[in-house]
Amino acid sequence: MQLIIRLRNFLLATAAISVLAAIPVSERLKFDQRIESFFAEDNPDLKFLQRSRNDFGGDEFVVVAWTEDRLFGLDPNTPYPSTLEAVLEEDFLPVLSEDAERHVLEAVDQLHKVPGVNADRTQHLGSLLDSAPRYKPARRSMLKLFEGTLVGQDGRTTGIMLELQPEADAGVPRGETLRRIRSIAAEMSGDVAVAGEPVQVFDMFEMVEQDGQILFLVSLGILSVVLWLMFRRVRWVLTSVGLVLGSVVITRAILQLSGAELSMVSSMLSSLVTVIGIATCMHVIVHYRDLRQQADPETMNRQAIACQTLSDMAWPIFWTCLTTAVGFSSLLVSDITPVRSFAVMMTLATGVILAGCFVVLPASLASGSRIREPAQVPLEHWLDRALAATVHSVERHPVLTALTCGILFLGSLPGILRLTIETDFSRNFRESSDIVRSLKFIERKLGGAGSWEVSFDTPETLTDEFLNDIQKLTERLREVTAADDSIRILSLTDVSDLPPRVAGPAKTLARLAVKQPEIVSGFYNEAAQRMRIILRSAEQQPSEHKAEQVRAIRESVTEFLTGRNRSLRELRHRLRECLSCWQK
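Computed from a prediction, not measured in an experiment: that's the story for all the values here.

**Here's the deal with the overall build of the protein chain**
Phase 1 of the analysis: When helices and strands are counted, the protein chain shows 23 helices and nine strands.
Phase 2 of the analysis: In summary, the protein chain has a C-alpha radius of gyration of 32 Å against a globular reference of 25 Å for 584 residues, an excess of more than 25%.
Phase 3 of the analysis: Summarising its shape, the C-alpha atoms of the protein chain cover approximately 110 × 55 × 45 Å along the three principal directions.
Phase 4 of the analysis: Each of the 584 residues in the protein chain was classed as buried or not, and the buried ones make up 46%.
Phase 5 of the analysis: Excluding contacts between residues fewer than 6 apart, the proportion of contacts in the protein chain whose partners are at least 24 apart in sequence is 79%.
Phase 6 of the analysis: Carbon and sulfur atoms make up 57% of the accessible area of the protein chain, which totals about 30100 Å².

The structure is reproduced here in structure tokens:
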């Protein structure tokens, strides 16, 4: 320790230069804002998700929804119906009203100018009805088909469904695209909501990053005030704060140079480094103060006391940091990728704090002509006595202490066993946030914001027999979910069954692929020979309800495939390993 004390100023200067050099590097550390970052690379659900995105596009949809006074072109002199079903009972060719069509087209024109929006894949009622046959039953069936996605049950709410380009191809950050979309929506009259998976994911990471920074600064500020009130010396406040800030910067720089990225869990990195660093400094400063108080003021050698402090505290600090690092390393057994990355980051940060103590503390304890002794905290003696009495009580009554702890543990078990997994994505945000208000508006006025799918292989050429079988599966799923109003099932076979039914479903689908390719491509990829059935459900519902929905869908799909007759064996063979039913 004497060598460290002699080199204390050199070590402190080296640390300061290293931190200053690391600041630009640490600022480049970014969040991994991909939904894939939540899963291990070999996770089967992640593989299904990646395959689906390859087959059907990114599915990064943003919905801009609002309510019109009169969405459809009914007689303006008659009262407007209160539901979509009542609207469709009216004797008219379903078309948008002039005002609604103007609002939709103006919004679409502005949204298509936003960088990052794939204008070729936009869906809205205007284009849907324009490309549909001028045939009342066909248009009514089509509106019923897209109820919950492009038109609400109230017959007044509509939406524009935008598909975003991959961020690498967009040329602008995802945040800029979403900001422009929200800006356009804010200029529209009435209540307007903007929601979708990209919006939720972006807002989640944005808020987590902001909250992490606020938590770090606030906790560091509060602890700095506490240190000042306890020791009433600027030196000890600067020592602790300097150790924390330096450790955070160095850790972030190392992570950036190693190619790592922050995850949602690792956003707490800075705050936890603050807690570990401040606690370590507190132990050293208190021990240094005790040695100063025991020394003779006339013969006291401050450098010797500093050396003695570091010698006494070296092993306690080492073992404390080591056990902390081992505790964080235990999270490496998790199958959740963000948790494992958090374990690596915190283990690294703990090691940086350990090294920082032997670089920063020697100069703090021994440099300077006048080093004032850290002050004592008011009522500190009372706290010492209370802690000593607690230890004495435990030593005298170990059995009673064990029984008390056991009773408290057993009393907490009922609450632990009743814990459930939260699956409502909106619970990540405050009730007053834009994304929660938008989700509530869309799920109340338009339809469910949650998205699932059942995907499977198809024959090289679609046949009427195959499509009829898929229609039976679709009807089976609707039967299973009939009691749940929050679920909407969309299938390509519904589109092929639209009137007029002048040909079989295969020919109807081929004709539709020419007139409305954006609809067909969302369900069927001919080149990849893949098809899917899409399910929409409410995002804001209890986790037990969601789990039951997933279980019922899985069971119904399995039963359908295993219960078919000999004529469907080829279909079962093609579906055997490719069928996926999962919730995104």
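**Structural notes on the pattern of salt bridges**
Phase 1 of the analysis: Per the counting criterion, the structure on display carries 14 salt bridges.
Phase 2 of the analysis: The partner of aspartate 203 in a salt bridge is arginine 182, and the shortest N-O contact between them spans 2.6 Å. Here the residue aspartate 203 occupies a position in helix 10 (residues 197-231), and arginine 182 occupies one in helix 9 (residues 174-186), the gap between them amounting to 21 residues.
Phase 3 of the analysis: Given the relative accessible area of 25%, arginine 182 is considered partly exposed.
Phase 4 of the analysis: Salt-bridge contacts for aspartate 434 lead to arginine 437; the nearest nitrogen and oxygen are separated by 2.4 Å. With aspartate 434 and arginine 437 both in helix 17 (residues 434-445), this residue pair falls three residues apart, about one helical turn.
Phase 5 of the analysis: Classification of aspartate 434 by relative accessible area gives partly exposed; the value is 45%.
Phase 6 of the analysis: A single network of salt bridges, built from pairs that share partners, joins Asp99, Arg102 and Glu106.

**Remarks on empty space enclosed by the protein**
Phase 1 of the analysis: Inspection of every chain in the model, using the stated rule, returns one cavity of 30 Å³ or more.
Phase 2 of the analysis: The volume enclosed by the largest cavity comes to roughly 50 Å³.
Phase 3 of the analysis: As for the largest cavity, its lining consists of Thr122, Gln123, His124, Ser127, Leu128, Phe146, Leu150, Glu518 and Ile519.
Phase 4 of the analysis: Residue assignment for the lining of the largest cavity shows that the elements contributing at least two residues are strand 2 (117-123), helix 6 (125-131) and helix 21 (517-521).
Phase 5 of the analysis: In terms of residue class, the lining of the largest cavity is made up of four nonpolar, four polar and one charged.

**Structural notes on the sheet that holds strand 2**
Phase 1 of the analysis: Taken in spatial order, the four strands make up an open sheet running 2-3-1-4, and their pairing is antiparallel. Edge positions in the sheet fall to strand 2 and strand 4 (192-195), since each of these pairs with one other strand and no more. When strand polarity is set aside, the average angle formed by the axes of neighbouring strands in this sheet is 25 degrees.
Phase 2 of the analysis: Alignment of strand 2 against strand 3 (residues 157-164), held across three bridges, turns out to be antiparallel. Bridge pairing in strand 3 links asparagine 118 to glutamate 163.
Phase 3 of the analysis: Its contacts with the sheet put helix 17 on strand 1 (61-67), strand 3 and strand 4, and the angle it makes with strand 4 is roughly 105 degrees.

**Regarding the packing of helix 11 (residues 234-257) against helix 12 (residues 269-294)**
Packed helices, taken two at a time, are described by their axes: the angle between them and the distance between them.
Phase 1 of the analysis: Axis separation between helix 11 and helix 12 bottoms out at 9 Å; the angle between their running directions is 140 degrees. For helix 11 against helix 12, the interelement crossing comes out right-handed. Mapping the contact onto sequence places Trp236, Thr239, Ser240, Leu243, Val244, Ser247, Val248, Thr251, Arg252 and Leu255 in helix 11 and Leu269, Ser270, Val273, Thr274, Gly277, Ile278, Cys281, Ile285 and Tyr288 in helix 12.
Phase 2 of the analysis: Of the residues assigned to the contact of helix 11 with helix 12, the class counts are eleven nonpolar, seven polar and one charged.

**Regarding a nonpolar patch on the surface**
Phase 1 of the analysis: A grouping of Val225, Trp228, Leu229, Val234 and Leu238 is seen on the molecular surface, where their side chains present a nonpolar patch of about 510 Å² in accessible area.
Phase 2 of the analysis: Elements with a minimum of two residues in the nonpolar patch: helix 10 and helix 11.
Phase 3 of the analysis: If you tally residues by element for the nonpolar patch, the top one is helix 10, at three residues.
Phase 4 of the analysis: Inspection of the secondary structure assignment puts leucine 238 in helix 11.

**Some details on the confidence of the model for the protein chain**
Phase 1 of the analysis: Put simply, the protein chain has an average pLDDT of 83, and 93% of its residues get 70 or more.
Phase 2 of the analysis: Averaged pLDDT values over the elements of the protein chain bottom out at 42 in strand 9 (residues 580-583) and peak at 92 in helix 5 (residues 98-111).
Phase 3 of the analysis: Across residues 565-584 the pLDDT falls below 50, and counting only partners more than four positions away or on other chains, this stretch makes 52 contacts in the model.

**Considering the packing of helix 18 (residues 464-480) against helix 20 (residues 505-515)**
Phase 1 of the analysis: In the contact formed by helix 18 and helix 20, the axes pass within 8 Å of each other and the chain directions differ by 90 degrees. Considered as vectors, helix 18 and helix 20 are oriented roughly perpendicular to each other. Contacts between helix 18 and helix 20 pair Asp464, Leu467 and Asn468 from the former with Pro505, Ala506 and Leu509 from the latter.
Phase 2 of the analysis: A per-class count over the contact of helix 18 with helix 20 returns four nonpolar, one polar and one charged.

**Describing helix 20**
Phase 1 of the analysis: Along helix 20, the residues that are buried comprise Pro505, Thr508, Leu509 and Leu512. The arc that holds every buried residue of helix 20, seen down its axis, measures 100 degrees, which confines them to one face. Exposed residues lying more than 90 degrees from the buried face of helix 20 are Lys507 and Val514.

**Considerations on the packing of aromatic side chains**
Phase 1 of the analysis: Scanning all chains against the criterion turns up six aromatic pairs.
Phase 2 of the analysis: A ring pair is formed by tryptophan 236 and tyrosine 288, whose centres lie 5.6 Å apart and whose planes are at 55 degrees; its orientation type is tilted. Of the two residues, tryptophan 236 sits in helix 11 while tyrosine 288 sits in helix 12, which places them 52 residues apart along the sequence.
Phase 3 of the analysis: A relative accessible area of 1% means that tryptophan 236 is categorised as buried.
Phase 4 of the analysis: Between phenylalanine 328 and phenylalanine 342 the ring centres are 5.8 Å apart and the planes differ by 85 degrees, which places this aromatic pair in the edge-to-face class. Of the two residues, phenylalanine 328 sits in helix 13 (residues 302-329) while phenylalanine 342 sits in helix 14 (residues 337-366), which places them 14 residues apart along the sequence. In this pair, the class of phenylalanine 328 matches that of phenylalanine 342, namely buried.
Phase 5 of the analysis: Taken together through their ring pairs, the aromatic side chains of Trp315, Phe318 and Trp319 make up a single cluster.
Phase 6 of the analysis: A cation over a ring is seen here: arginine 385 above tryptophan 382, with NZ or CZ 5.7 Å from the ring centre.

**Overview of the pairing of strand 1**
Phase 1 of the analysis: Summarising burial for strand 1: six of the seven residues are buried, a large majority.
Phase 2 of the analysis: Across seven bridges, strand 1 lies against strand 3 in antiparallel orientation. Considered in strand 3, the bridge of valine 64 is made with isoleucine 160.
Phase 3 of the analysis: Note that strand 1 and strand 4 share four bridges and pair antiparallel. Paired with valine 64 across the bridge in strand 4 is valine 194.

So, how was this worked out
Residues numbered from 1 in each chain as written. Predicted model: local features only at pLDDT ≥ 70, side-chain atom pairs only at ≥ 80, totals over all residues. Heavy atoms only, no water. Helix = DSSP H or I, 4+ residues; strand = E, 2+ residues; numbered from the N terminus. Rg over C-alpha atoms; globule rule 2.2 N^0.38 Å. Buried < 20%, exposed > 50% of the residue type's maximum accessible area, 1.4 Å probe, protein only. Contact = heavy atoms within 4.5 Å. Areas by Shrake-Rupley, 256 points an atom, 1.4 Å probe, with all protein chains shown as cover. Salt bridge = Lys/Arg side-chain N within 4 Å of Asp/Glu carboxyl O. 1 Å grid on protein atoms, 1.4 Å probe; cavity = no way out; pocket = protein on both sides within 12 Å on 5 of 7 lines; lining within 4 Å. Points joined across faces, edges and corners; volume = space filled by probe spheres on them. Nonpolar A, V, L, I, M, F, W, Y, C, P; charged D, E, K, R; others polar. Pairing = 2+ DSSP bridges. Axes fitted to C-alpha atoms, helices over the stretch in contact; angles between N-to-C directions. Left-handed = near helix turned anticlockwise from the far one by under 90°. Patch = residues over 30% accessible without salt bridge, like charges linked within 9 Å, V, L, I, M, F, W, Y side chains within 5 Å. pLDDT = per-residue confidence, 0-100. Parallel < 35°, antiparallel > 145°, perpendicular 65-115°, else oblique. Arc of directions from axis to C-beta. Phe/Tyr/Trp six-rings, centres within 6.5 Å; stacked < 30°, edge-to-face > 60°. Lys NZ or Arg CZ within 6 Å of the ring centre and 35° of its normal.

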